[in-house]
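# Observations on the model geometry
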Amino acid sequence: MTIASMQETCTEILIQETLGIRRQDEPVTVGIPFPHGLVSEVSKFRLTDDEQGPLPVQIQSLARWPDNSLKWVLFDFQVSLESGAAKRLSLEWIGDDTK
């Protein structure tokens, strides 16, 4: 597949510390559903932080659509936050062009 036949997309993940405790390398797990035909491989995802750039993330496919595109994906990563702070992360992917 060529670059011209792909589209880049992203969504925002908001992590907020609500108990007043400083968090250092706190584990976070997020499950996200994807529409039929949007993304075919977990290698097409990238998690970024505006302050730190790309973040290490473990990605697992939980379910697939009949065309083998991803239906549910699990993301595991770590975040450090000061007490009461919030952090916005960007989950970016390159989707499959189904046209």
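In what follows, the structure referred to is the one given above.
To keep things clear, this report deals only with the structure shown in the data block. A quick note: this is a predicted structure, and the numbers were derived from the prediction, not measured.

What follows concerns the overall build of the protein. The secondary structure content of the protein amounts to zero helices and seven strands. Listed N to C, the secondary structure of the protein is β-β-β-β-β-β-β in terms of helices and strands. Residues classed as buried in the protein amount to 34% of the 99 residues present. Contacts in the protein between residues far apart in sequence, at least 24 positions, make up 77% of those at least 6 positions apart. Summed over all atoms, the accessible surface of the protein reaches about 6,300 Å², with 50% contributed by carbon and sulfur.

Further remarks concern the pattern of salt bridges. Pairing between side chains becomes possible if they bear opposite charge and their charged atoms approach one another. For the structure on display, the rule yields six salt bridges. A salt bridge links Glu 12 to Arg 88; its shortest N-O distance comes to 2.8 Å. Of this pair, Glu 12 sits in strand E1 (residues 6-16) while Arg 88 sits in strand E7 (residues 86-96), placing them 76 residues apart in sequence. Note that Arg 22 is salt-bridged to Glu 82, the shortest N-O span being 3.3 Å. With Arg 22 in the loop between E1 and strand E2 (23-33) and Glu 82 in the loop between strand E6 (70-81) and E7, this residue pair connects regions lying 60 residues apart in the sequence. Ionic contacts of the salt-bridge type, sharing partners, join the residues Glu 17, Arg 23 and Glu 26 into one network.

Pairing is antiparallel across the open sheet formed by three strands, whose spatial order is E2-E6-E5. Because the sheet does not close on itself, it has two edges, and the strands there are E2 and strand E5 (58-64). Averaged over all neighbouring strand pairs, the angle between strand axes comes to 20°, with direction disregarded. As paired strands, E5 and E6 are joined by six bridges and run antiparallel to one another. Note on E6: the bridge partner recorded for Ser 61 is Val 73.

Quick look at the environment of Ser 69 now. Structurally, Ser 69 can be placed in the loop between E5 and E6. We classify Ser 69 as buried; its relative accessible area is 2%. Taking C-alpha positions, Ser 69 is 5.2 Å from Gly 37, a pair spaced 32 residues apart along the chain. At 2.7 Å, the side chain of Ser 69 and the side chain of Asp 67 are in polar contact.

Reading guide: rules and limits
- Residues numbered from 1 in each chain as written.
- Predicted model: local features only at pLDDT ≥ 70, side-chain atom pairs only at ≥ 80, totals over all residues.
- Heavy atoms only, no water.
- Helix = DSSP H or I, 4+ residues; strand = E, 2+ residues; numbered from the N terminus.
- Buried < 20%, exposed > 50% of the residue type's maximum accessible area, 1.4 Å probe, protein only.
- Contact = heavy atoms within 4.5 Å.
- Areas by Shrake-Rupley, 256 points an atom, 1.4 Å probe, with all protein chains shown as cover.
- Salt bridge = Lys/Arg side-chain N within 4 Å of Asp/Glu carboxyl O.
- Pairing = 2+ DSSP bridges.
- Axes fitted to C-alpha atoms, helices over the stretch in contact; angles between N-to-C directions.
- Polar contact = N/O pair within 3.5 Å; in protein donor to acceptor, adjacent residues only side chain to side chain.

From the geometry alone we can't say anything about function, so treat these as descriptive.
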